[in-house]
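A closer look at the structure
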2 protein chains.
Amino acid sequence: MDRGPAGRRRVDLELMRTPPPKERADAARNRVKVLEAAAELFASHGVESVSMDAIATAAGVGKGTLFRRFKDKAGLAAALLDDRERDLQDAILSGPAPLGPGLGDTTVSPSERLHAFADAYLDYALSHLSLVRMSETAAPGARYRIGAYGFWHRHLTMLLDQSVDDGDALAHALLAALGAEHLTAMVESIGRKRARAAVHVLFEAAT
Amino acid sequence: MDRGPAGRRRVDLELMRTPPPKERADAARNRVKVLEAAAELFASHGVESVSMDAIATAAGVGKGTLFRRFKDKAGLAAALLDDRERDLQDAILSGPAPLGPGLGDTTVSPSERLHAFADAYLDYALSHLSLVRMSETAAPGARYRIGAYGFWHRHLTMLLDQSVDDGDALAHALLAALGAEHLTAMVESIGRKRARAAVHVLFEAAT
DNA sequence: CACATAACTGGACTACAGTCCGAATGAATG
DNA sequence: CATTCATTCGGACTGTAGTCCAGTTATGTG
């Protein structure tokens, strides 16, 4: 597979975010090569059936490099999702209502914001389901360790606390229904439309 | 699950038309040896850190035997849980109220039965958490394929349908909060007591 | 520019799940 | 008891995730 500069294909996501602490030039080059190779292999063969060896080989990089940078397969998947996830988080933190808080004098009910979150999260998760699933399940308990889970949980807790007693606990329960493993099974058994509806039924019940 | 044909009855309806599939003596012996070895190793070293090789060796059996009989590590865990799980299912189907239907003229509200189910299921799952987790997560999507999931789901659906619209979908959502992976994370982060309370909050909200 | 050193690299290596198939063995039959 | 044959046995084999470390390279300092 010729990956010379001339034939290099653009990855449509901005995947090569540079970490603040100085990164060596060769390391940056390899990070980009790995993410491009992974995106391409995942797209063409399916996330499940691409081995880390295959990614390392396609990227022209050693396995040690791959694992040092991304920790494991879940970390690699998370890196590929990073931008999309960040967009969603930004929209929640500072975007327009009802997903975000809206402008100064906007008033949206917590319930509206909960449903808006459910919709936006499902848009995100369902359109990259196998990647999200990989990022959550490749390592045992990975889902609950990554920062994103904490973010979603804080957001839901904040909204729920305005109308129920134990918002914290309820937030965990609602997030359980948004887990990729569960979403995958739901989509397979009842389809996207009903799976989406089921989430809204649950979120409605929680308020 | 795999308890062999010990309880099978021969049905002589007609001629020798039915070839009786019988378990060979050596196979039965090995099944017992494997289950005993697995139970002991799991108890002493923890489910996660016992390899299938180790179990095969301890049981004095080849790997092929192990995998043919139990399919994979999830299947082995499920076999070890079989009795407990069956007890719970029996109690639900024909035990005393509020967990079971009770005697003829007993009347228990669906809500009561839902909470009784939550309690009983948590008793079961929390006291064998790592085994349950193994049975659900060793293979991807294993949880939703095993028969037990269908059983819990049908039971919840039946109860929920008496008070809400889409009981089926809601049942899936409630079960998501009972997944071993989720329970493990909850117990680690907020402890058994609050995790249990969170499940009840959710079940309460669903009715 | 030369050097010191901290960070990066990459492939050999380990451990584990799961597959395969020739050999061994139990049970039914005559 | 001998024969037949379906079933089971068990260890060699494959493929993958993840580790390790000796050698390499980039970068700050005199």
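Residues numbered from 1 in each chain as written. Chains lettered and ligands numbered in written order. Predicted model: local features only at pLDDT ≥ 70, side-chain atom pairs only at ≥ 80, totals over all residues. Heavy atoms only, no water.

As named in an unreviewed UniProt entry, chain A is TetR/AcrR family transcriptional regulator, taken from Actinomadura meridiana.

Per the secondary structure count, chain A includes 10 helices and 0 strands. Starting at the N terminus and walking to the C terminus, you meet the elements of chain A as α-α-α-α-α-α-α-α-α-α. Evaluated residue by residue, chain A yields a buried proportion of 47% over its 207 residues. By sequence separation, contacts in chain A at least 24 residues apart represent 61% of the contacts at least 6 residues apart. As displayed, chain A offers around 10400 Å² of accessible surface, 54% of which is attributable to carbon and sulfur atoms. (Helix = DSSP H or I, 4+ residues; strand = E, 2+ residues; numbered from the N terminus. Buried < 20%, exposed > 50% of the residue type's maximum accessible area, 1.4 Å probe, protein only. Contact = heavy atoms within 4.5 Å. Areas by Shrake-Rupley, 256 points an atom, 1.4 Å probe, with all protein chains shown as cover.)

A few words on the relation of the copies chain B and chain A. Least-squares fitting of chain B to chain A yields an RMSD of 0.2 Å, with the transformation described by 0.0 Å of translation along the axis and a rotation of 180°. Considering both components of the superposition, the chain copies are consistent with a two-fold axis. Both copies contact each other with a shared surface, as 100% of the interface residues of chain B are interface residues in chain A too. (Least-squares fit on C-alpha atoms with pLDDT ≥ 70 in both.)

The subject of this paragraph is the protein's contact with DNA strand D. Not every one of the 21 residues close to DNA strand D is listed here, only the nearest: Met52 and Lys63 of chain A together with Arg24, Asn30 and Arg68 of chain B. Each atom of DNA strand D within 4 Å of the protein belongs either to a base or to sugar and phosphate, the latter forming 56%. For DNA strand D, a phosphate oxygen lies 3.4 Å from a polar atom in the backbone of Gly62 of chain B. Taken together, the residues of the surface near DNA strand D break down into 5 nonpolar, 6 polar and 10 charged. (Near = heavy atom within 4 Å. Polar contact = N/O pair within 3.5 Å; in protein donor to acceptor, adjacent residues only side chain to side chain. Nonpolar A, V, L, I, M, F, W, Y, C, P; charged D, E, K, R; others polar.)

Time to look at the interface of chain B and chain A. When the parts come together, some accessible area is lost, and that loss is often what is quoted as the size of the interface. Taken together, the contacts link 25 residues of chain B with 25 residues of chain A. Summed over both sides, the interface of chain B with chain A buries roughly 2000 Å², with 69% coming from carbon and sulfur. In this structure, the connection of chain B to chain A is made through 4 salt bridges. One can count 6 residue pairs in polar contact (both at pLDDT 80 or more) joining chain B with chain A. Top element by residues in the side of chain B that touches chain A is helix H10 (residues 180-205) of chain B. It accounts for 11 residues. (Buried area = accessible area lost by both parts, 1.4 Å probe. Salt bridge = Lys/Arg side-chain N within 4 Å of Asp/Glu carboxyl O.)

All names here are of chain B. As for its position among the elements, Arg113 is in helix H5 (residues 110-127). No salt bridge is formed by the buried Arg113. Its closest oppositely charged neighbour is Glu112, at 9.3 Å. Setting aside residues no more than four positions away along its own chain, Arg113 makes contact with Ile92, Pro98, Leu99, Gly100, Pro101, Val108, His155, Met158 and Leu159. (Lys, Arg positive; Asp, Glu negative; His and termini not counted.)

Turning our attention to the protein's contact with DNA strand C. Around DNA strand C, 20 residues are found, and the nearest of them are Asn30, Gly64 and Arg68 of chain A together with Met52 and Lys63 of chain B. Each atom of DNA strand C within 4 Å of the protein was classed as base or backbone; sugar and phosphate made up 54%. A distance of 3.2 Å separates a base oxygen of DNA strand C from a polar side-chain atom of Arg24 of chain B. Ala25 of chain B has a polar backbone atom sitting 3.5 Å from a phosphate oxygen of DNA strand C. When residues of the surface near DNA strand C are traced back to their parent elements, those giving at least two are helix H1 (25-45) and helix H3 (63-70) of chain A together with helix H1 (25-45) and helix H3 (63-70) of chain B. With 4 residues, H3 of chain A is the single largest residue contributor to the surface near DNA strand C. In the surface near DNA strand C, the residues fall into 5 nonpolar, 6 polar and 9 charged.

As a further point, take helix H10 (residues 180-205) of chain A. Over its 26 residues, H10 of chain A runs only 21 Å from end to end, short of the ideal 38 Å by more than 12%, given 1.5 Å per residue. Helix geometry: H10 of chain A is bent most strongly at Ile190 of chain A, by close to 115°. (Expected span 1.5 Å × (residues − 1). Bend = angle between axes of the 7 residues up to and from the residue.)

With that settled, consider the pattern of salt bridges. Residue and element names in this part refer to chain A. For the coordinates displayed, the defined rule picks out 20 salt bridges over all chains. The partner of Lys63 in a salt bridge is Asp53, and the shortest N-O contact between them spans 3.5 Å. In this pair, Lys63 is assigned in helix H3 and Asp53 in helix H2 (residues 52-59), connecting sequence segments 10 residues apart. On the accessibility criterion, Lys63 (39% relative accessible area) is partly exposed. Through salt bridges with shared partners, a single ionic network connects Asp119, Asp123 and Arg196.

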